[in-house]
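Read off the chains here:
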Amino acid sequence: MSNSVGYDLMQQHFLRPPVLKHQSKLKNSSGVPINSFCTTASPNKSPFRPRKYQISTNFYGNSLSRRKQKLAMGSQRAVTFIPQAVLAADPASEHLQKFNVDGNIELQVDASSPTSGSITQLNLRIMYGSESLLLHWGGIRSRKEKWVLPLRQPEGTRNYKNRALRTPFVKSGSSSYLKLEIDDPRIQALEFLIFDEARNKWIKNNGQNFQVKLPRRGTLISNISVPEDLVQIQAFLRWEQKGKKIYTPEQEKEEYEAARAELLEEIARGASVDDIRTKLTIKGGQEYKETIIHETKNKTPDDLVQIQSYIRWEKAGKLHYSPEQQLREFEEARKELQSELEKGVSLDEIRKKITKGEIEAKVSMQLKNKRYFSAERIQRKQRDLMQLLNKHAAKSVDESVSVKPKPLTAVEHFAKEKELDGSLVMNKKIYKLGDRELLVFVTKSAGKTKIYLAADYEEPLTLHWALSENAGEWLPPPPTVLPSGSVSLDGAAESRFSTSSSAGLPKQVQCIDMEIEDDKFKGMPFVLRSGGKWIKNKGSDFYVDFSQKIKKIQKDACDGKGTSKVLLDRIAEMESQAQKSFMHRFNIASNLMDQAKDNGELGLAGILVWMRFMATRQLIWNKNYNVKPREMSKAQDRLTDLLQSIYTTHPQHWELLRMIMSTVGRGGEGDVGQRIRDEILVIQRKNDCKGGMMEEWHQKLHNNTSPDDVIICQALMDYIKSDFDISVYWKTLNENGITKERLLSYDRAIHSEPSFRRDQKDGLLRDLGHYMKTLKAVHSGADLDSAISNCMGYMAEGEGFMVGVQINPIAGLPLGFPELLQFVLEHVEDRNVEPLLEGLLEARQDLRPLLLKSSDRLKDLLFLDIALDSTVRTAIERGYEELNNAGTEKIMYFITLVLENLALSSDNNEDLVYCLKGWHHAISMCKSQDAHWALYAKSVLDRTRLALACKAEWYQLILQPSAEYLGSLLGVDQWAITIFTEEIIRAGSAATLSSLINRLDPVLRETAHLGSWQVISPVEVVGYVDVVDELLSVQNKSYDQPTILVAKSVKGEEEIPDGTVAVLTPDMPDVLSHVSVRARNCKVCFATCFDPNILADLQANKGKLLCLKPSSADVVYSEVKESELADSSSSNMKGDGPSSINLVRKQFGGKYAISAEEFTPEMVGAKSRNISHLKGKVPSWVGIPTSVALAFGVFEKVLADKVNKEVDEKLQILKKKLGGGDFGGLGEIRQTVLQLAAPPQLVQELKSKMLSSRMPWPGDEGEQRWEQAWTAIKKVWASKWNERAYFSTRKAKLDHDYLCMAVLIQEVINADYAFVIHTTNPSSGDSSEIYAEVVKGLGETLVGAYPGRALSFVCKKNNLNSPQVLGYPSKPIGLFIRRSIIFRSDSNGEDLEGYAGAGLYDSVPMDEEVKVVLDYSSDTLINDGNFQKSTLSSIASAGKAIEELYGSPQDIEGVIKDGKVYVVQTRPQM
């Protein structure tokens, strides 16, 4: 151990990231053996024993002094350098080159050389519509030389086969950008290609590489020298700036020369050596210099410093110190001792004073455990979180895989008929006899056992049979059970099959049945005879077990919808074979993998469900079949090899494949499996324990080893460690699902309890510990110890007949990775879990690049990653106690760790990665004490919660249908089927993350002063509580009494049911969403409850009469008597009287298309008229889009056209059905409307109006574009019959036939942001205050049913420059679109006074919007305070101007594009 822990800690900040020691002969990523970086210690077989290093005390130089360093926290290599001439830099900027590729792709390269020295900055911009562009590049020093790969690389750069670098472009709008910094003065030019990864397309310069010469750096400077100590300091500073990366010797040399070049360039520009020395000292060179000479100045013995710092730590209460705090503590301890020395106290006196009692032993133990006076922790590398991004997504699942099911055979038909009689099925099995089938079917009813046998033989068939009380017996059947015509023989009977009378069988089936009342008989052995030949079961007798119980099939799960049904049917068919042993099950699974892979997501989900049913002991592991461990292990190995192969070729299924692997042990062909069988014999022999329980276990292991053996081995070790307390043995077994009954159920049952002598204790613990490693190597691929051993390599010696095993280490592991794994193992049971979590995640991050490429040991790396993932979950659960008194920042940090772990394990994790970036930004805001940090963190929390809900829905969609269908076929316990998906979720990081954010939520709400409620519509009401899952499921219902609905889910587009007086929900619809507007218009109380305890209390009041009294930020509720109901003013009940609102039927005005100047009440609705009214009247800085319209009556005119006669006739029939109450016809009506053809005159008029209004005509881009436009128009008309609109008009007693639809046509503005303004605050009713909501992209995510909240703010009309943000956005999705046309609904029913018809009908863009997952952490509206203030003020100012124009409160929609405000519609605020 080191005598200078303080120096060791300083070394953590030098040259290398602080990685722990690990003796390994593995090579680092550059191929250089790890032990070539330092002097070699004596060899040792253990890969985890510390090694002593020699470390230089100097950074670089012509000569290096060496000193002995016992505790190496980093390492350094000695390199000798020779000064060379360099080029002086020219800092001028210049435009290098512009390329035009394929006529429509423009590439521009600019360069600038900053004044700091030798760094040349290249800026590349390419106009190309792809998000997956890579720069494939390298530098050129001379014409004939291969590409040079610069050390300075942008984030996300990958090394491609050591021949080139690949760096991703950043997409922004229609262009992609990339910045490169070149600091190697010898690089004369940059050469590159551009690769579109998604389209597998290379972009070249006329078939050649692009080449850009770098700006000349000036003239050659020779005969100039720089002092080596300054070069060392400059190299040190460069190393620090680059994140203290680990360099190869070649890279170190390049870095050193680059540092020299920078200093020479400074001299060339006129700086003196003294100037440079002063600058470097100020910049931090002095810190470096002081560190180098630290020990030479300090003569205090380091062992005394260690003891003094330990004493200080004890006095401080044994606090947890960060590495920086440790360093400070050492220096303070050293200063205290130095002060004593300066006073004249001798070292001996100091030693006597501070080494009293056991202090030296305590310090020694701390050093031995490498804990010092705090938990160790690794220094995590700085990584770009975007490198976690995985966009591989499987196709969405709607229905089951469309594979034509195989028709039932005659015997299967026969079995299906018997299943329908309702009797309890005890046994069902179909034997394959060549091309024939034999069915055995046993039922039990009213105490009688009935046996059916059926076969599809055409020749006469005879049953030769008996009964048995115990397996293997042949007892003569009693005469009372013999079927008619049977013959009794000696010890058996013979009975003839007869032809089945069942109708509808595809071919002839012969059958026989018998009924047995005596319960003493447990089974029936038999053979068949046909044509003088005996028919057996693979050479043995058939045997029917009467005692096996098959659960009744769930009828509602039998359709197999949403599953790979054919595959699941095949699995169920093979289950009887799979029950024989793990070898059979794994081999069958291997045989089915191709079919599962071809069926995609659902196929692999089926395999996962089957394997998990197995792993959770819902299926039989072993039945009447003995398998050698090596055969079972070989079958496992085959299956995991196939999973590894699919993993490399199907990245969209990584998550499912990882989950399948977690249910299957690693396996291992040959010696690994054989050792299970051999090693137990050696243990018995060496420890003299050959009888009793150990012999019974030995027999089980020889014939059918299983994952239970890992638990049995652990139970034995726990029993021995507890000083032979037998209750500990049973406790371990029972906690892991093994009961006495299970031990007795094995084919080789374990009847006895363990019983050992005390003198056997040490030997058994040692040998069982080694044996556990062997068992885990086969059965527990995802066990951490086993997974690490398989990757790092280990050797188990052979002994006598027992084979030896040698697992080689995996080549190419990252530098320092073995030490990192050793750190994890040393801390895996620490109470303080934070350092462990950091180590686990650092290991997963280091491992990730290796998981992205194929290798023959990929599955070992996958099992290690799965084990690290699992350990994160168990660690965080253990650390909950640590968080009980933790501050907000600590909880947020833990959330980032768990979220990072979840992102590393997830497919299509873009939303999770952006949530992770959001949390990091929230922590940064918290540290800087930003006033809005809690409000921002709450939005990130809400988004994270949405992401978790989305993930849970995916699991439910993919897994639960397969669990229900396959579970019903296999007779799995209903409870296991019901909770299948729930248990999958609970076992993952998502459940842990959910728990953490639930803990943080109330803290953030309190800090941000949000309270427990957001009141959207503050109306005092009285009503009866009803609880529903979804508001959507009851939107068409009419309640007969005032009802307060507590709805778990409210999306935002639903209707509020008749009779509803309040809607309370934990969901978060936007304040300006359709359902929110409807609630305010209908005077319905509407509020979001953030507190789960309050929500649970409301749900518990179901059926009770409550009074709700909302304020602007709270809802007070209390139970009231029914007499108060009559007095309440809240009775939003369905009225029986006639409606006071009337629709006026509009007539065709003679024109199909009209311009904005022709917008009148007779021709178009209020939406079109309002936008026309704004033109020229709003301030010039507010843009109004150009508009035309298809007038009222055009739809009816088109329908009446002779070209649409058939469509009209069909529509009239469907409308009659609808009038008769057949609401299922609404969808059919919408489809019929889409069949309309456009009259030529309509096309001609519309084209003329659009072109005269200076709008683009879709038809100019081709006939297909016009067809797209025409389809969009028809979809607007068809929305007259969408469910929400139709039922809304019925409730309001409006004549639906009188509803007429004009179509407002506008050019789409490809918005940066969209907004909705209410010029009177809708929550408070404050007319002096504007309320608005803003989303990124198009406004459909704001007004439609898109999850998450918008950015919301208020602004006083008398102070428009001071908007106040109320909430930050949590919507994960933004919608974006190319330049296009939008067709907006504009009906005569949308703006009726007293009827909230706005938003009921559809607006349809000609082109489909693109969904983009949003990253708010890089959004200027969130991060740039000035931009945010000016943007929100502009929105509020536009709202105020329009309100003043109309003289009444307005509901306004608009967008922001390039900083300019556009208003696309306005209407009176209701």
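What you see is a predicted model, and the numbers here were worked out from it, not measured in a lab.

Definitions and cut-offs
Residues numbered from 1 in each chain as written. Predicted model: local features only at pLDDT ≥ 70, side-chain atom pairs only at ≥ 80, totals over all residues. Heavy atoms only, no water. Helix = DSSP H or I, 4+ residues; strand = E, 2+ residues; numbered from the N terminus. Buried < 20%, exposed > 50% of the residue type's maximum accessible area, 1.4 Å probe, protein only. Contact = heavy atoms within 4.5 Å. Areas by Shrake-Rupley, 256 points an atom, 1.4 Å probe, with all protein chains shown as cover. Expected span 1.5 Å × (residues − 1). Core = buried A, V, L, I, M, F, W, Y, C linked by side-chain atoms within 4.5 Å. Pairing = 2+ DSSP bridges. Axes fitted to C-alpha atoms, helices over the stretch in contact; angles between N-to-C directions. pLDDT = per-residue confidence, 0-100.

S.K.: How do you make sense of the overall build of the protein when you look at a structure like this?
M.R.: Counting its secondary structure elements, the protein contains 45 helices and 49 strands. Counting over 1470 residues, the protein shows a buried share of 55%. Restricting the contact set of the protein to residue pairs at least 6 apart, pairs at least 24 apart contribute 71%. Only carbon and sulfur atoms are counted for the fraction: they give 48% of the accessible area of the protein, which is about 64000 Å².

S.K.: Can you walk me through helix H32 (residues 989–1007) in this structure?
M.R.: Residues lying three or four places apart along an α-helix face the same way, a consequence of the helix completing one turn every 3.6 residues. The end-to-end C-alpha distance of H32 is 27 Å, a good match for the 27 Å that 19 residues give at a rise of 1.5 Å each. Within the sequence span of H32, burial applies to Ser989, Ala990, Thr992, Leu993, Leu996, Ile997, Leu1000, Asp1001, Leu1004 and Arg1005. Buried positions along H32 lie against helix H25 (858–878), helix H26 (880–883), helix H27 (888–904), helix H28 (910–927) and helix H29 (933–970). Backbone geometry just after H32 places His1009 at a positive phi near 55°.

S.K.: Explain the nonpolar core here, please?
M.R.: The nonpolar side chains of a soluble globular protein tend to be buried, and buried together. Counting 243 residues, the largest nonpolar core has Trp610, Trp697, Trp919 and Trp1277 as its most contacted members. Ranked by the residues each element gives to this core, the list is headed by H29, at 16 residues. Trp1277 has contacts with Leu1190, Val1194, Phe1195, Val1198, Val1233, Leu1236, Trp1270, Met1301 and Val1303, leaving out every residue within four places of it along the chain. Among the nonpolar cores identified, the runner-up in size contains 31 residues, and Leu1031, Val1063, Val1335 and Leu1338 belong to it.

S.K.: What am I meant to see in the sheet that holds strand E37 (residues 1182–1183) here?
M.R.: Strand order in the open sheet formed by seven strands is E37-E49-E48-E40-E41-E42-E43, with mixed pairing between adjacent strands. Bordering the open sheet on either side are E37 and strand E43 (1364–1367), each of which pairs with just one other strand. With six bridges connecting them, strand E40 (residues 1313–1318) and strand E41 (residues 1329–1336) associate as antiparallel partners. Opposite Ile1317, over in E41, you have Ala1332 as the bridge partner.

S.K.: Explain the environment of Ile1056 to me, please; I cannot follow it from the model alone.
M.R.: Summarising the element assignment, Ile1056 is placed in the loop between strand E31 (1038–1049) and strand E32 (1058–1065). Using a relative accessible area of 10% as the deciding quantity, one classes Ile1056 as buried. Sequence separation of Ile1056 and Val1084 is 28 residues, and the distance between their C-alpha atoms is 8.7 Å. In this structure Ile1056 touches Gln1035, Val1063, Val1075, Arg1078, Ala1079, Val1084 and Lys1291, once residues within four positions along its chain are discounted.

S.K.: Before we go on, may I ask you to explain the sheet that holds strand E23 (residues 510–516) in this structure?
M.R.: Pairing in this open sheet of five strands is antiparallel, and the strands run E16-E17-E18-E23-E22 from one edge to the other. The open sheet has two edge strands with one neighbour each: strand E16 (424–433) and strand E22 (498–499). Pairing of E22 with E23, which is carried by two bridges, proceeds in the antiparallel orientation. The residue bridging Ser498 from the neighbouring strand is Cys511, located in E23. In this fold helix H10 (residues 410–419) packs onto E16, strand E17 (436–445), strand E18 (448–455) and E23, with an angle of close to 5° to the strand it touches most, E17.

S.K.: When you look at the confidence of the model for the protein in this model, what are you seeing that I'm missing?
M.R.: Predicted coordinates in areas of low pLDDT are best not read in detail. Summary statistics for the protein give a mean pLDDT of 81 and a share of 83% for residues scoring 70 or more. For residues 284–298, every residue scores under 50 in pLDDT, and the model assigns this stretch 26 contacts once sequence neighbours within four places are set aside. Throughout residues 1129–1138 the model reports pLDDT below 50, and contacts reaching past four residues in sequence, or to other chains, amount to 22 contacts.

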